[in-house]
Amino acid sequence: MALDIRRFIQRFVEEAADHLPRLREGVHTLEQDATGSAAGTASKEHINELFRSAHTLKGSSRMLKLAPITALAHSMEELLSAFREGSTLPSAASLGLLNQAIDALDDYVGQLAQGAAPEALAAADPALCKALESAAGSLPEAPLSDAPLSAPPLSDASTGPTAVPSPSSTKAPPAAPSSASPASALALSDTVRVRLDRLDDVIRLMGEVLSGHHHLHGLVEQARQLGLSLPAQHQAEFHDFQREFKDSVLSHDALMSDLHDRALQMRMLPLSVVFDPLAQMTRELAQSLGKQVDCRVRGSEIELDRQMIDRLSDPLIHLLRNALDHGLEAPAQRQAAGKAPRGQLTLEAWQDGGWVVVEMRDDGAGIDLAAVRQKALSRQLLDEGQLALLSEQETLELILLPGFSTKSLITDFSGRGVGMDVVKRTVVDELSGDLHLTSSPGKGTHFSLRLPLSLALMRVLLVEVSGVTLGVTAPHVAELVERSPEEFIDAAGQTTLILRNEFVPVVALATLLDLPVVPPAADKVLLLVVHQRQQKLALIIDVLVDERDMVIKPLPNHLRYLPLVSGMVSLGRNTLASLLHVPALLERSRQTGLRQTAPIPTDAPRHRILVVDDSLNTREIEKDVLEAWGYQVTLAENGRDGLNKALADSFDAVLTDVEMPVMDGFALTASLRENELYRHKPIIIITSREKEADRRRGIEVGADAYIVKGSFDQNNLVETLRALLG
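Heads up: these notes are all about the structure in this document. Remember, predicted model here, so these are calculated numbers, not experimental data. (Residues numbered from 1 in each chain as written. Predicted model: local features only at pLDDT ≥ 70, side-chain atom pairs only at ≥ 80, totals over all residues. Heavy atoms only, no water.)

## Quick notes on the overall build of the protein chain
Tallying secondary structure elements over the protein chain gives 23 helices and 23 strands in all. Looking at the protein chain as a whole, 47% of its 726 residues qualify as buried. The contacts in the protein chain between residues at least 6 apart in sequence include a share of 70% that link residues at least 24 apart. Element-wise, carbon and sulfur atoms account for 53% of the exposed surface of the protein chain, whose accessible area totals about 35,300 Å². (Helix = DSSP H or I, 4+ residues; strand = E, 2+ residues; numbered from the N terminus. Buried < 20%, exposed > 50% of the residue type's maximum accessible area, 1.4 Å probe, protein only. Contact = heavy atoms within 4.5 Å. Areas by Shrake-Rupley, 256 points an atom, 1.4 Å probe, with all protein chains shown as cover.)

What follows is the structure in structure tokens.
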């Protein structure tokens with residue numbers, strides 16, 4: 001079925017209305033920075049943003065067959081690519097060309113907004129396109145004449161460039177009055193068109209009212225305390241007032257919460273708004289690449305806030321292009337690999353509590369880790385020593401860095417290294433979500449996006465650290481616990497807590513934020529355990545202040561680049577609190593040298609150890625301990641994964657947990673003992689199970705040692721390994 005692009009032109013107009021001002025502002029910033037020498041470090045991010053906007057417009061317009069816009073955006077991309085790589089420096093002339101191209105794009109978008117058909121758009125000015133590419137060094141110099149560049153014709157040339165109208169201004173004119181009877185003429189439509197910005201204002205105000213209403217709960221408590229201080233003869237009367245006041249506040253809580261929920265529902269849209277055009281685009285783009293691909297869509301009825309839908313469009317387009325160009329093979333290649341000639345691309349969504357999970361997976365060639373490592377070396381992102389320390393998952397995630405691409409040939413379709421960094425930044429930083437990717441050689445790649453239902457109002461935990469009140473969104477909170485510092489253990493220099501069968505690093509939140517650390521006044525410390533996917537971190541805090549639904553305010557422009565802050569929340573009485581960005585906190589905890597690994601002994605053994613545990617934290621901490629003593633460590637995330645890796649390679653010893661999905665540690669140990677290669681090699685079980693029956697079970701299946709995590713000591717582990725390995 002042919003793609004009816006008219007359905008999606010309006011969405012493209014709205015998207016362009018967002019990107020064109022960014023392009024103008026970015027070029028203006030470069031004009032101010034251009035001094036005839038190399039662009040300053042402040043310009044690099046501006047160039048990246050310009051490049052991404054041009055790339056997005058090119059990709060979206062190409063899918064909708066808006067050829068003039070695609071041609072102009074591609075030529076702009078050539079010049080911006082040269083800026084980014086440093087082969088060409090921004091100058092007054094080249095920036096002037098970009099401004100002319102933006103004006104031309106503005107004209108095209110204006111025509112589309114006024115209802116012009118795509119085929120009615122005039123061809124892109126070849127002189128301008130050629131000049132842009134010449135400035136980039138892609139073509140021989142071809143200076144423009146002094147005459148102004150021709151712009152696409154408008155319905156009224158005297159009006160100058162056409163402004164992009166709001167979505168409501170492009171609606172069709174009212175229908176002519178009908179000759180219906182008076183009775184039928186009085187019947188009104190059951191729908192009303194409301195401008196989106198007005199609806200946003202209502203939802204924002206409702207959120208503010210709901211957040212501010214929480215202050216009344218404090219007044220109820222103050223009234224109760226006041227009543228206790230009154231003379232006895234007045235307490236009964238005041239108690240009646242206080243009870244009525246409390247009941248009124250509680251009843252309004254339910255009403256206001258319901259009103260806000262209903263207001264949000266008016267802005268909810270089904271994911272089919274994004275999924276359906278992507279399924280259509282898949283077939284056309286695959287055909288242009290000489291590939292055969294079927295796109296399967298599931299869960300398109302799941303609803304998200306319109307704001308989320310709008311921002312989700314770009315990441316999914318980038319993932320789609322990545323799958324079609326990088327992942328899925330041509331029919332001949334697939335048949336040679338024993339696959340069906342038609343590739344399969346699956347786009348699926350489902351709701352998981354307060355989150356929506358969106359997955360895109362293909363059955364293509366998967367990500368070539370060797371090519372990723374080679375590209376990282378060639379672009380000097382990491383040296384060989386740093387690459388050797390990366391796990392497979394960390395190596396995979398290198399493709400999310402800006403400018404990273406494994407394509408050897410740059411085309412107008414891909415290979416410039418733009419897109420995947422946009423996906424990560426949009427999902428993690430802008431949408432407060434989570435991005436996870438996995439890949440199997442020859443079997444395909446799987447991207448999983450975990451997103452909140454809405455950004456308008458979220459459950460927030462308020463905590464106090466060193467006298468500063470901070471917020472953490474509830475979806476990133478695992479639990480709140482009190483522990484004595486005596487329960488902490490040292491694991492390769494990292495303070496660690498054993499919590500429910502896993503090792504969780506412990507860090508003072510004040511240390512991560514460079515705030516003064518206040519010694520705890522009590523025997524126990526309060527720990528806020530935050531998580532992202534499988535990774536956890538226990539943050540030492542001073543006080544839990546409150547937990548409630550709050551309006552998330554975006555950071556002002558001059559604070560947008562604070563990595564540890566994702567937004568602000570109002571505490572009332574003109575007081576704001578910073579909302580912590582949990583993924584950035586986890587990243588900082590890894591990179592600030594909190595784990596001071598002990599020096600490797602000179603006589604350290606170089607045995608190869610396989611560590612099997614479903615907890616990412618536990619795997620990494622055990623890996624740190626063993627590598628500190630010179631062992632070479634490979635990680636596996638469950639028993640089945642561990643068995644596959646053990647049989648595919650040769651290890652000198654295996655460390656395994658018991659409670660794991662797919663295959664537990666007892667079953668893994670028994671399976672390894674049935675294999676001749678591991679019949680006599682050391683297998684150590686490290687688990688939180690302390691019962692004697694579990695110890696006996698471990699011995700029965702063939703374990704050489706049984707270490708309980710609750711009494712874990714890294715020296716004991718190392719000494720046990722030394723004794724078993726000889």
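The discussion continues.
## A short note on the packing of helix α20 (residues 639-648) against helix α21 (residues 665-673)
Between α20 and α21, the shortest axis-to-axis distance is 9 Å and the interhelical angle comes to 20°. Compared by their axis directions, α20 and α21 come out roughly parallel. At the point where α20 passes α21, the crossing takes the right-handed sense. Contacts from Gly639, Gly642, Leu643 and Ala646 in α20 reach Leu668, Ser671 and Leu672 in α21. Taken together, the residues of the contact of α20 with α21 sort by class into four nonpolar, three polar and no charged. (Axes fitted to C-alpha atoms, helices over the stretch in contact; angles between N-to-C directions. Parallel < 35°, antiparallel > 145°, perpendicular 65-115°, else oblique. Left-handed = near helix turned anticlockwise from the far one by under 90°. Nonpolar A, V, L, I, M, F, W, Y, C, P; charged D, E, K, R; others polar.)

## Here's the deal with the packing of aromatic side chains
Within this structure, the stated rule accounts for two aromatic pairs. With 5.6 Å between their ring centres and 55° between their planes, phenylalanine 238 and phenylalanine 241 make a pair best called tilted. Here phenylalanine 238 and its partner phenylalanine 241 are both found in helix α9 (residues 232-265), three residues apart, which amounts to about one turn of the helix. A ring pair is formed by phenylalanine 241 and phenylalanine 245, whose centres lie 6.1 Å apart and whose planes are at 20°; its orientation type is stacked. Residue phenylalanine 241 and its partner phenylalanine 245 are located together in helix α9, separated by four residues, close to a single helical turn. The exposure class assigned to phenylalanine 245 is partly exposed, which follows from its relative accessible area of 23%. Taken together, Phe238, Phe241 and Phe245 form an aromatic cluster joined through their ring pairs. If you follow arginine 84 out to its NZ or CZ, it ends over the ring of phenylalanine 51, 4.2 Å from the centre. A cation over a ring is seen here: lysine 681 above tyrosine 678, with NZ or CZ 5.3 Å from the ring centre. (Phe/Tyr/Trp six-rings, centres within 6.5 Å; stacked < 30°, edge-to-face > 60°. Lys NZ or Arg CZ within 6 Å of the ring centre and 35° of its normal.)

## Some points on the pattern of salt bridges
Two side chains carrying opposite charge are able to pair once their charged atoms lie near each other. Across all of its chains, the model carries 32 salt bridges by this definition. Note that aspartate 546 is salt-bridged to arginine 548, the shortest N-O span being 2.7 Å. Put simply, Arg298, Glu348, Glu359 and Arg361 are held in one network by salt bridges that share partners. (Salt bridge = Lys/Arg side-chain N within 4 Å of Asp/Glu carboxyl O.)

## A look at helix α10 (residues 272-288)
Quick reminder: α-helices carry 3.6 residues per turn. Residues three or four places apart thus point the same way. Compared with an ideal rise of 1.5 Å per residue, which puts 17 residues at 24 Å, α10 spans 24 Å between its outermost C-alpha atoms and is within 8% of the ideal. Restricting attention to buried positions, one finds in α10 the residues Ser272, Val274, Phe275, Pro277, Leu278, Ala279, Gln280, Met281, Thr282, Leu285 and Ala286. (Expected span 1.5 Å × (residues − 1).)

## Re the pairing of strand β8 (residues 457-465)
Burial analysis of β8 places seven of its nine residues in the buried class, the great majority of the element. As judged from the six bridges shared by β8 and strand β9 (residues 468-473), these two strands associate in the antiparallel manner. Its bridge partner lying in β9, glutamate 464 is registered against threonine 469. (Pairing = 2+ DSSP bridges.)

## Focus: the sheet that holds strand β20 (residues 632-636)
With parallel pairing, the five strands of this open sheet are ordered in space as β20-β19-β21-β22-β23. Of all the strands in the sheet, just β20 and β23 (705-708) have a single pairing partner and so form its edges. Direction aside, the axes of adjacent strands within the sheet are offset by 20° on average. The pairing of strand β19 (residues 608-612) with strand β21 (residues 653-656) spans four bridges and is classified as parallel. If you follow valine 611 over to β21, its bridge partner there is leucine 655. The strands touched by α20 within the sheet are β19 and β20, with β20 carrying the most contacts at an inclination of about 135°.

## As for the environment of threonine 469
Tracing the sequence through the fold places threonine 469 in strand β9. Since its relative accessible area comes to 23%, threonine 469 is described here as partly exposed. The sequence separation of threonine 469 and alanine 577 amounts to 108 residues, and the corresponding C-alpha distance is 6.0 Å. In contact with threonine 469, not counting residues within four places along its chain, are Leu462, Val463, Glu464, Leu571, Ala577 and Ser578.

## Comments concerning the nonpolar core
One finds Leu271, Leu316, Leu320, Val358, Ile399 and Leu449 to be the most contacted residues of the largest nonpolar core, which totals 58 residues. No other element matches the nine residues that helix α11 (residues 306-327) contributes to this core. In this view, leucine 271 contacts Gly299, Ser300, Ile302, Leu304, Ile309, Leu312, Ala349, Val356 and Val358; residues no more than four positions away in its chain are not counted. Grouped together as the second largest cluster of nonpolar side chains are 41 residues, Leu50, Phe51, Tyr108 and Ala136 included. (Core = buried A, V, L, I, M, F, W, Y, C linked by side-chain atoms within 4.5 Å.)

Worth remembering: the numbers are spatial, not functional.
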